[in-house]
Amino acid sequence: MTRLDRTDTSTQPDHATASSRGAVTATPPTGSGSAPSPAAPASPASASSVAAPAERSPRATPTLALTSAATAVALMTYTAPMVTLPDTAAALHTSVSAQAWLLNGTPLGLAALLLVAGSLADDYGRRRIFLAGTVALGVTTALGALADSTWLFTLTRIAQGAASAAILASSLGLIVHAFPTPRGRLHATGVWGAFVSGGIAVGPLLAGAIAGWNWRMAYAVLGAAALVVALLGTRALTESRAPRGGRPDLAGALTFGLALVSLVAALTLGRDGWLRAPVGLLLAAFLVLMAVFVAVERRTGTPMIDLGLLRHRRFLASSAGGLFMGLAVIGLFSFLPALLQRTLGLSAMDTAWLFLLWSGLSFTVALQARRLAGRVSHRHQLALGFALHAAGVLTMLGAVGAGSWARLLPGFVISGVGSGLLNAALPLLAVESVPATRAAMGSGAQQTFRYIGSCAGVALTIALVTSTGGPAHGADIAIAVSAGLAALAAASVLVLRDRT
């Protein structure tokens, strides 16, 4: 995400008075954030001649519309394989164990490049990075529709994740620049956050509807939508930047990305035996690469993540929350649609509507969770969300073996409520867990940990479901593990409270 501790500059005179005099404050999707430092009060003599700061720039509305649309397309692309996985795997002749790569490509790209993309946007121009990311998303998504092998499709998915990182990282910077007042930003980031949740919910529905005809067309349509947004953005968006000096941490991004690939590969191969030599070598490579990453971060002047923040218990709680959100929640629910299609005979559209119950409740609860402000701390809200997820998925035990999708409904409802609480609390805790000048890094780090957990969680879920005893038995094991991880997460965020 965009850095906060630098001066924002614009190439457009329309915006100069609105943003070039103060520090830019990136606002998280939920609408929290600090406002720019106010200017010195005007003297009485000049007060009448100086206009009050405009709540929005002249191009604020198209900026919000385009950044929200591009973000929705990115999230729809991210969630599309959830319901098209069986058809995609059959067309590409992908083995069950290798299906983890079809789901994990995009979060791999996001996790590796999200923070670096924010630095590039601030240093070289948010409009430039946004348009580059949107064009890249359109092209790579369309190429994914033409892929004829598992690895080619996976590579396009990783590229889609990298492009999505550029979109997500630059979108908030463009919005903050277009809406210079706290009130304007609160409204704009609320709209943007709604499109984030909307993209997650609509993606499987759109993909499921088109997959009834041809799964490849789903990616062609999404690719075309991204290119249309890019074309409109060339005329409607204005440039802004907030350079910090130094070079982007590309070495950190490379070692971090390779470490994630090693971890996912180890978890994917684990279904054939966790004690086999390839699994051990990949886990060793993961540990070595993480050690190299830590060394790189300590030496660079502009690190992806300030490792000193790991000494703060609230930052650890935020990071642990994001990690376990990916491991316990996203990991299970990413593969569950494909599992239900295979075991219960549901169509892609059937599973899309079924999962809309979960994602829709999550969206609704996240919007209403602001009513808990001042009553329930974000840390306790996280613990409650994880506890509800654990309770919800435990009610789903035996449903796959019984061949009954109706037995899943209570779990979807309870877990959906828990997921909404998690989605509302995590961004706020991330911002509050770091100093104000590091709020963007805190938010970006939490999202990065979430995508790390997602990658590992998907691979682990597929390994557990396909390892022993048939899919029904494997599904129960995966559900039990998800519940256990969620319970561990609830305990962890409660333990990691501030010292008094």
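Structural notes, computed from the coordinates. Note that the coordinates shown come from a computational prediction; the quantities given were computed from them, not determined experimentally.

Structural notes on the overall build of the protein chain
Each helix and strand counted, the protein chain has 18 helices and two strands in total. Sequence separation of at least 24 residues holds for 83% of the intrachain contacts in the protein chain that already meet a minimum separation of 6. Per element, the accessible surface of the protein chain, about 19500 Å² overall, is 67% carbon and sulfur.

With respect to the environment of G457
In this fold, G457 is placed in helix α17 (residues 439-467). Here G457 falls in the buried class, since its relative accessible area comes to 2%. Placed 129 residues apart in sequence, G457 and A328 show a C-alpha to C-alpha distance of 6.6 Å. For G457, the contacting residues outside a window of four places in its chain are G326, L327 and G331.

Points about the packing of aromatic side chains
Inspection of every chain in the model, using the stated rule, returns ten aromatic pairs. Residues Y78 and Y451 carry aromatic rings whose centres are separated by 6.1 Å and whose planes lie at 85 degrees to one another, so their mutual orientation is edge-to-face. Taken as a pair, Y78 in helix α3 (residues 60-79) and Y451 in helix α17 lie far apart in primary sequence, 373 residues in all. When sorted by exposure, Y78 lands in the same class as Y451, which is buried. With a centroid separation of 5.0 Å and 35 degrees between ring planes, the pair formed by F256 and F293 is classed as tilted. One end of the pair, F256, is in helix α10 (residues 250-269); the other, F293, is in helix α11 (residues 277-299), with 37 residues separating them in the sequence. Residue F256 is classed as buried on the basis of its relative accessible area, which comes to 4%. Connected via pairs of aromatic rings, a cluster forms that spans F333, F355, W358 and F412.

Describing unusual backbone geometry
Phi is positive for H93, close to 55 degrees, though the residue is something other than glycine. Mapped onto the fold, H93 is located in the loop between α4 (81-92) and α5 (99-124). On the basis of relative accessible area, H93 is assigned to the exposed category, the value being 71%.

Examining helix α9 (residues 215-236)
The terminal C-alpha atoms of α9, which comprises 22 residues, lie 33 Å apart, in line with the 32 Å expected from a rise of 1.5 Å per residue. Along α9, the residues that are buried comprise W215, A218, Y219, L222, G223, A226, V229, A230, G233 and A236. Taken around the axis of α9, the buried residues stretch over an arc of 150 degrees, which confines them to a single face. Facing away from the buried side of α9 by over 90 degrees, the exposed positions are L231 and R235. At the N-terminal boundary of α9, the capping side chain belongs to N214, with an oxygen 2.9 Å from the backbone nitrogen of R216.

Regarding empty space enclosed by the protein
Counted under the stated rule, the structure contains three cavities of 30 Å³ or more. Its volume calculated, the largest cavity comes out at about 60 Å³. Mapped onto the lining of the largest cavity, the elements with two or more residues apiece are α12 (313-344), α17 and α18 (470-495). The residue inventory of the lining of the largest cavity, partitioned by class, reads eight nonpolar, three polar and no charged.

Here we look at the nonpolar core
Counting residues in each nonpolar core, the largest one holds 127 residues, and the members touching the most others are M304, F333, F335, L336, L340, F355 and F412. Excluding residues within four positions of it along the chain, F333 makes contact with M82, F355, W358, H389, V393, F412 and S415.

A closer look at the packing of α4 against α12
The N-to-C vectors of α4 and α12 enclose an angle of 45 degrees; their axes lie 8 Å apart at closest approach. By the angle class used here, α4 and α12 are oblique. Crossing angle aside, the handedness with which α4 passes α12 is right-handed. In this structure, α4 contributes M82, V83, L85 and P86 to the contact, and α12 contributes F333, S334, F335, P337, A338 and Q341.

Cut-off values and rules
- Residues numbered from 1 in each chain as written.
- Predicted model: local features only at pLDDT ≥ 70, side-chain atom pairs only at ≥ 80, totals over all residues.
- Heavy atoms only, no water.
- Helix = DSSP H or I, 4+ residues; strand = E, 2+ residues; numbered from the N terminus.
- Contact = heavy atoms within 4.5 Å.
- Areas by Shrake-Rupley, 256 points an atom, 1.4 Å probe, with all protein chains shown as cover.
- Buried < 20%, exposed > 50% of the residue type's maximum accessible area, 1.4 Å probe, protein only.
- Phe/Tyr/Trp six-rings, centres within 6.5 Å; stacked < 30°, edge-to-face > 60°.
- Expected span 1.5 Å × (residues − 1).
- Arc of directions from axis to C-beta.
- Polar contact = N/O pair within 3.5 Å; in protein donor to acceptor, adjacent residues only side chain to side chain.
- 1 Å grid on protein atoms, 1.4 Å probe; cavity = no way out; pocket = protein on both sides within 12 Å on 5 of 7 lines; lining within 4 Å.
- Points joined across faces, edges and corners; volume = space filled by probe spheres on them.
- Nonpolar A, V, L, I, M, F, W, Y, C, P; charged D, E, K, R; others polar.
- Core = buried A, V, L, I, M, F, W, Y, C linked by side-chain atoms within 4.5 Å.
- Axes fitted to C-alpha atoms, helices over the stretch in contact; angles between N-to-C directions.
- Parallel < 35°, antiparallel > 145°, perpendicular 65-115°, else oblique.
- Left-handed = near helix turned anticlockwise from the far one by under 90°.

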